[in-house]
Amino acid sequence: MQVFSGRKDTRLIAGVLLGALAFVAGAFFLTGLAVTHWIAKDAEAHSTLWAQTLANSIPDLERIAEGAPPSPEALDRIEMAKGMGKVFKLKIFDREGRTRLTSDANGVSTRSDETLSDHNPLAARVVASGNPFTVVKDGTAEGRPAVYASTYLPIYRDDHLVAVVETYVDEADTAALFRRELTAAGIGISMLLLTLVIGPFLALRRMARARALSDARATFLARHDALTGLLNRSAFLAQLEKRLGSVTTSSPGIAIHHIDIDGFKALAEDLGPDLSDTLIRLVAMRAREMVRTLDFVGRLGSDELLVAQCGLASREQAQAMVRRLLARLSEPYALEERDIRLTFSIGSALAPEDATTGRDLVHKAGLALMFVKNAGGRDSSFFRDTMEADMQRRRQLERRLRLAARENDFVLFFQPIMSVASAKVVGFEALLRLPDGQGGLVAPNEFLPLAEKLGLLPQIGDWVLARACEAAVQWPNDISIAANLSPSQFEAGTLPDRVAEILAKTGLKPARLELEITETLLLRDDDAVMSQLRQLKALGVSIV
């Protein structure tokens, strides 16, 4: 029962991981954009503040922009700003854009061979509009700080542009701080979002897997027997019908073998439900081991199995399969330190010879099994056309026999017993006959085995004894009466009491009664049987 294939799981997991990586990469990309944006904003505010501060703190800024050398106080202010570690370069341009002063790590220079337009044309256009402009740059290639901001601040006096101050502010520490904090925040947000995505995904996947497993188990149980795992009746018939669809008179056929455990009901009562279930599972395992991959096995009832033997080329193949099944299934079963020995009955039917539909084929295999069971079991038989008629006659006979037992509708004949020495009649043997309801009689060899199987012989035997003794009382005292006893009449253990009661009720002397028993009864060497025979002898009756 396969729910998810390994390849499908691998593709699914790989897809989720790729999606997660793409998600994290996107998150880091957006975090990078955010870091760059906030660095630019902070640098703009920072450098603008420094530019305004310097512009306001240099007293002779306007004179410097006109070309005058800077005063000592102006130089002190510039060096003070640079000494605080943020401003590492300062430029002052005149209103025409010519450089009037440059202060950096090399000192102060007042050369004017560089204009604002040459230095940064875009900044020149922005300054011309009267708005400050800031650009953030990566200065590692020029030996400058890793990140710095350059701000161009136009200086107005009485609404007239008098100078442009450009400040270079070191933003490396601020940028590093922003990157650390925003990157950490990005990682945290990414992990949180991944948790929110992957967590529910894994939970839904587990739920889907559990649901799929549940559905698969329900589907399996809908087609299979819960105890043995074999196909149940409906699934077996469905598969059989599918196979029969391709069977023709010229193609390989199919044999159905209906297997029944002899006497399993009594054995199950002795073993108990748990061990009897284990025994059924072991039988099912052996049956499954006996078949090929194209064959299949099902469970029909508590102790009944069906084996479909497909690709059948001849009847002999089916017969050989039955022999193998009987041999293997009859081997001992180890069950809690006990060796359990079972016997089996098997009924078989062939397609297309006996039937062309699944139900008919299983039905006819069942008839063959019933025929074997009625004959005593422990054997096998293939379906024959006469079996249905035989079973119909048997059912009719069973109904007739039950009715006769209920209403004492039997006939008793008395067969004379002659003495060889005197050539005279010395007694009679009571012979039981069953009317067939149509003016005829049913032969004893037909109804007596059935009566034995139905458990009716003890009741019928009592009736025979009573009627025989009643008839013998009317005869001369030297005429005896003989009656047959069946083994089943000894099972209850009350036969001597029943004989004594009948003798007392009819008034027949015990010496005139002869009871005939079979050799098989004596061979059983049963203590209960021997005890009852001794009691009968003690009554004075003859045992022959």
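Up top is the structure.
Remember, it's a predicted structure, so these values are computed and weren't measured experimentally. (Residues numbered from 1 in each chain as written. Predicted model: local features only at pLDDT ≥ 70, side-chain atom pairs only at ≥ 80, totals over all residues. Heavy atoms only, no water.)

Participant: Mind showing me how you'd approach the pattern of salt bridges here?
Facilitator: It is possible for side chains bearing opposite charge to pair when their charged atoms get close. Counted by the stated rule, this structure contains 18 salt bridges. Here K373 makes a salt bridge to D260, at a shortest N to O gap of 2.7 Å. Here K373 is found in helix 11 (residues 358–374), whereas its partner D260 is found in strand 7 (residues 253–261), with 113 residues between them in sequence. For D260, a relative accessible area of 8% gives the class buried. We note a salt bridge from R315 to E353, for which the minimum N-O separation is 3.2 Å. In this pair, R315 is assigned in helix 10 (residues 315–329) and E353 in the loop between strand 12 (344–351) and helix 11, connecting sequence segments 38 residues apart. Each of D94, R98 and R100 takes part in a single network of salt bridges with overlapping partners. (Salt bridge = Lys/Arg side-chain N within 4 Å of Asp/Glu carboxyl O. Helix = DSSP H or I, 4+ residues; strand = E, 2+ residues; numbered from the N terminus. Buried < 20%, exposed > 50% of the residue type's maximum accessible area, 1.4 Å probe, protein only.)

Participant: Can you walk me through the side chain of D262 in this structure?
Facilitator: Looking at the element boundaries, D262 is found in the loop between strand 7 and helix 8 (264–271). There is a polar contact of 2.7 Å between the side chain of D262 and the side chain of S345. Of the polar contacts made by the side chain of D262, one reaches the side chain of K373; its length is 2.8 Å. D262 has contacts with T343, F344, S345, K373, G377 and R378, leaving out every residue within four places of it along the chain. (Polar contact = N/O pair within 3.5 Å; in protein donor to acceptor, adjacent residues only side chain to side chain. Contact = heavy atoms within 4.5 Å.)

Participant: Sorry, what's going on with the sheet that holds strand 12 here?
Facilitator: In sheet architecture, strand pairing relies on hydrogen bonds along the backbone and comes in two forms, parallel and antiparallel. Taken in spatial order, the five strands line up as 8-9-7-12-13 in an open sheet, and their pairing is mixed. Strands with a single pairing partner mark the edges of an open sheet, and in this sheet they are strand 8 (296–301) and strand 13 (380–382). Geometrically, the sheet is characterised by an average inter-axis angle of 20° between neighbouring strands, direction not taken into account. In terms of strand pairing, strand 7 meets strand 9 (residues 304–312) through seven bridges, oriented antiparallel. (Pairing = 2+ DSSP bridges. Axes fitted to C-alpha atoms, helices over the stretch in contact; angles between N-to-C directions.)

Participant: Would you mind going over helix 9 (residues 273–289) with me for this structure?
Facilitator: An α-helical turn contains 3.6 residues, so a residue and the one three or four places further along point in the same direction. With 17 residues, helix 9 extends 24 Å from end C-alpha to end C-alpha; this agrees with the ideal 24 Å at 1.5 Å per step. Of all the residues in helix 9, the buried ones are L275, S276, L279, I280, V283, A284, R286 and A287. (Expected span 1.5 Å × (residues − 1).)

Participant: Is there a simple way to think about the pairing of strand 18 (residues 513–516) in this case?
Facilitator: Remember that side chains alternate between the two faces of the sheet whenever the strand is regular. Here strand 18 shows one buried face, formed by L513 and L515, and one open face, formed by E514 and E516. With four bridges joining them, strand 17 (residues 480–484) and strand 18 adopt parallel strand pairing. Directly across from I481, in strand 18, lies its bridge partner L513. In this view, the connection linking strand 17 to its parallel neighbour strand 18 by way of helix 15 (residues 495–506) has right-handed handedness. Sheet analysis places strand 18 next to strand 19 (residues 542–543), joined by two bridges and oriented parallel. Counterpart to E514 in the pairing with strand 19 is S542. (Right-handed = clockwise from strand over helix to strand, strands pointing away.)

Participant: I tried to follow the nonpolar core on my own but got confused; where do I start?
Facilitator: Formed by 41 residues in total, the largest nonpolar core has its most connected members in L401, V499, L513 and L515. Every element with two or more residues in this core is listed here: helix 12 (385–407), strand 15 (425–435), helix 13 (444–453), helix 14 (457–473), strand 17, helix 15, strand 18 and helix 17 (527–539). Excluding its chain neighbours within four sequence positions, the residues that come into contact with V499 are L465, L513, L515, L536, L539 and V541. The next biggest cluster of nonpolar side chains, apart from the first, holds 31 residues, and it includes A268, L279, V297 and L335. (Core = buried A, V, L, I, M, F, W, Y, C linked by side-chain atoms within 4.5 Å.)

Participant: How do you make sense of the sheet that holds strand 4 (residues 133–137) when you look at a structure like this?
Facilitator: The six strands are arranged 3-2-1-6-5-4 in an open sheet whose pairing can be described as antiparallel. Here the strands that pair on one side only, and so sit at the sheet edges, are strand 3 (107–109) and strand 4. Taking each pair of neighbouring strands and ignoring which way they run, the sheet shows an average axis angle of 15°. Relative to strand 3, strand 2 (residues 99–104) is paired through three bridges, and the arrangement is antiparallel. In the sheet register, T102 faces strand 3, and the bridge partner there is S109.

Participant: I would appreciate a short explanation of the packing of helix 14 against helix 15 in the present structure.
Facilitator: A pair of packed helices is captured by two measures, namely the crossing angle of their axes and the spacing between those axes. The interhelical angle for the contact between helix 14 and helix 15, taken along N-to-C directions, is 30°, at an axis separation of 9 Å. Accordingly, the angle class assigned to the pair helix 14 and helix 15 is roughly parallel. As for the relative orientation of helix 14 and helix 15, their crossing is right-handed in sense. Taken together, the residues of helix 15 that come into contact with helix 14 (itself represented by D462, L465, A466, C469, E470 and V473) are R498, V499, I502, L503 and T506. Of the residues that constitute the contact of helix 14 with helix 15, the class distribution is seven nonpolar, one polar and three charged. (Parallel < 35°, antiparallel > 145°, perpendicular 65-115°, else oblique. Left-handed = near helix turned anticlockwise from the far one by under 90°. Nonpolar A, V, L, I, M, F, W, Y, C, P; charged D, E, K, R; others polar.)

Participant: Explain the packing of helix 12 against helix 13 to me, please; I cannot follow it from the model alone.
Facilitator: Put simply, helix 12 and helix 13 touch, their axes get as near as 10 Å, and they point 70° apart. As summarised for this structure, helix 12 and helix 13 are arranged roughly perpendicular, according to the angle between their axes. For the pair helix 12 and helix 13, the contacting residues are R394, L397, E398 and L401 in the first and E446, F447, L450, A451 and K453 in the second. Taken together, the residues of the contact of helix 12 with helix 13 sort by class into five nonpolar, no polar and four charged.

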